[in-house]
Amino acid sequence: MSPINAKLQAVRARIEAASHATNAGSRRIRPVTLIAVSKTQPAALVRDAFAAGQRVFGENYVQEAVAKQAELADLAIEWHFIGPIQSNKTRLIAGHFDWVHGVERMKVAEMLSRHRGESHPGDPLNVLVQVNVSGEATKRGVVPAEAAELVRAAASLANIRMRGLMTLIENVTDPEAQRAQFRMLRELFDRIRAAGTELDTLSMGMTQDFEVAIAEGATLVRIGTALFGARTPKEAA
Ligand SMILES: *Cc1c(COP(=O)(O)O)cnc(C)c1O
């Protein structure tokens, strides 16, 4: 068994256990999907993970991702863009990804929709609105009070399929402090749905905290380190 195969199986088992070991199952509206975060990792490693059954991958840097995608064009991968979105990259992002997680401004949503209509007419882009639940100045995302309005407005765009919310929580190791932040996102998600906007996806949880996120209702977890090992420092930039 390849090393990545063993790691994938271990992470999938932990996801499965977390899905069952909590009572979040009754609240979760979809099974948990694992996004293998392959930023800074070579295309060959993505190919190994694909051979081990992984189909969904996440990337943060547009140029790096597009080059990798070209090398992997023979594989039926579902690509998620999970990095910060610069408006001058919206054409590439809309053209090269199936999902975009970090939408935090209506202007960016409009540009993604327009470009998506050009590159993929009739095939809308799956979009998540990023929410800053920790309130840290360094975190991207809309403040919780503005999330519902952005979700509703972006959901009305022709080439956007609004799927839900995403967050990056404050980097804390205390599970209860993690839980409070994930719960805040899930409660916001529940309120937006109760008000009539159809959403089905909560993207929250990474290597350090994904089991807590699943307990709080995550449907997408974004995991890099636990699958591919520590990244080289380039990533810190
Ligand atoms: C890098 C990254 C991840 C993966 O983080 P790990 O700690 O390596 O699992 C998840 N989400 C986002 C938005 C990231 O940038």
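If you're wondering where the values come from, they're calculated on a predicted model, not measured in any experiment.

To continue, consider the overall build of the protein chain. Across its full length, the protein chain carries 9 helices and 8 strands. In terms of overall size, the protein chain behaves like a compact globule, its C-alpha atoms giving a radius of gyration of 17 Å where 237 residues would be expected to give roughly 18 Å. By residue count, 51% of the 237 residues in the protein chain fall in the buried class. Split by element, the accessible area of the protein chain, about 10700 Å² in all, is 53% carbon and sulfur. Here the protein chain contributes 29 positively and 26 negatively charged side chains, and the mean placements of these two sets differ by 1 Å.

With that settled, consider the site of the ligand. Every residue lining the ligand is accounted for by V37, K39, N60, I82, M166, M206, T207, R222, I223, G224, T225 and R231. In this structure, an oxygen atom belonging to the ligand sits 2.5 Å away from a side-chain N or O atom of T207. With the chains in place, 90% of the 390 Å² that the ligand exposes on its own is no longer accessible. When its residues are assigned to classes, the shell around the ligand shows 5 nonpolar, 4 polar and 3 charged.

Okay, helix α5 (residues 106-119) next. Here α5 contains 14 residues, and its C-alpha end-to-end distance of 20 Å stays within 8% of the 20 Å for a straight helix at 1.5 Å per residue. For α5, the full list of buried residues reads V108, A109, M111, L112, S113, H115 and R116. Its buried side turned inward, α5 meets α4 (90-96), β4 (99-103), β5 (125-130), α6 (144-155) and β6 (160-166).

The subject of this paragraph is unusual backbone geometry. The phi angle at T40 is positive, at roughly 70°, despite the residue not being glycine. Mapped onto the fold, T40 is located in the loop between β1 (33-37) and α2 (43-51).

For the rest of this paragraph, the subject is the nonpolar core. If you look at the biggest cluster of nonpolar residues, it comprises 64 residues, and the most contacted ones within it are L112, V131, L165, V221 and L227. Among the nonpolar cores identified, the runner-up in size contains 6 residues, and V56, W99, M166 and L220 belong to it.

The subject of this paragraph is the side chain of K89. Mapped onto the secondary structure, K89 falls in the loop between β3 (78-81) and α4. Buried charge K89 goes without a salt bridge, the closest partner of opposite sign being E64 at 11 Å. Residues within four places of K89 in sequence aside, it is in contact with V62 and Q63.

Along any regular strand the residues' side chains alternate between the sheet's two faces. Among the 5 residues in β1, 4 count as buried, and that is most of the element. Taken together, the 4 bridges between β1 and strand β8 (residues 220-223) define a ladder with parallel strand orientation. Looking at the pairing, A36 lines up with I223 of β8. Bridging between β1 and strand β2 (residues 56-59) involves 2 bridges; their strand directions are parallel. Along β2, the bridge assignment pairs A36 with F57. Once you follow β1 into α2 and on to β2, the crossover reads as right-handed.

Next up on the list: the environment of D190. Relative to the assigned elements, D190 resides in helix α7 (residues 175-194). What makes D190 partly exposed here is its relative accessible area of 31%. Between the alpha carbons of D190 and R12 there is a distance of 26 Å; along the sequence they are 178 residues apart.

Rules and cut-offs
- Residues numbered from 1 in each chain as written.
- Predicted model: local features only at pLDDT ≥ 70, side-chain atom pairs only at ≥ 80, totals over all residues.
- Heavy atoms only, no water.
- Helix = DSSP H or I, 4+ residues; strand = E, 2+ residues; numbered from the N terminus.
- Rg over C-alpha atoms; globule rule 2.2 N^0.38 Å.
- Buried < 20%, exposed > 50% of the residue type's maximum accessible area, 1.4 Å probe, protein only.
- Areas by Shrake-Rupley, 256 points an atom, 1.4 Å probe, with all protein chains shown as cover.
- Lys, Arg positive; Asp, Glu negative; His and termini not counted.
- Charge placed at Lys NZ, Arg CZ, Asp CG, Glu CD.
- Near = heavy atom within 4 Å.
- Polar contact = N/O pair within 3.5 Å; in protein donor to acceptor, adjacent residues only side chain to side chain.
- Nonpolar A, V, L, I, M, F, W, Y, C, P; charged D, E, K, R; others polar.
- Expected span 1.5 Å × (residues − 1).
- Contact = heavy atoms within 4.5 Å.
- Core = buried A, V, L, I, M, F, W, Y, C linked by side-chain atoms within 4.5 Å.
- Salt bridge = Lys/Arg side-chain N within 4 Å of Asp/Glu carboxyl O.
- Pairing = 2+ DSSP bridges.
- Right-handed = clockwise from strand over helix to strand, strands pointing away.

By themselves, these are just geometric observations and shouldn't be taken as functional.
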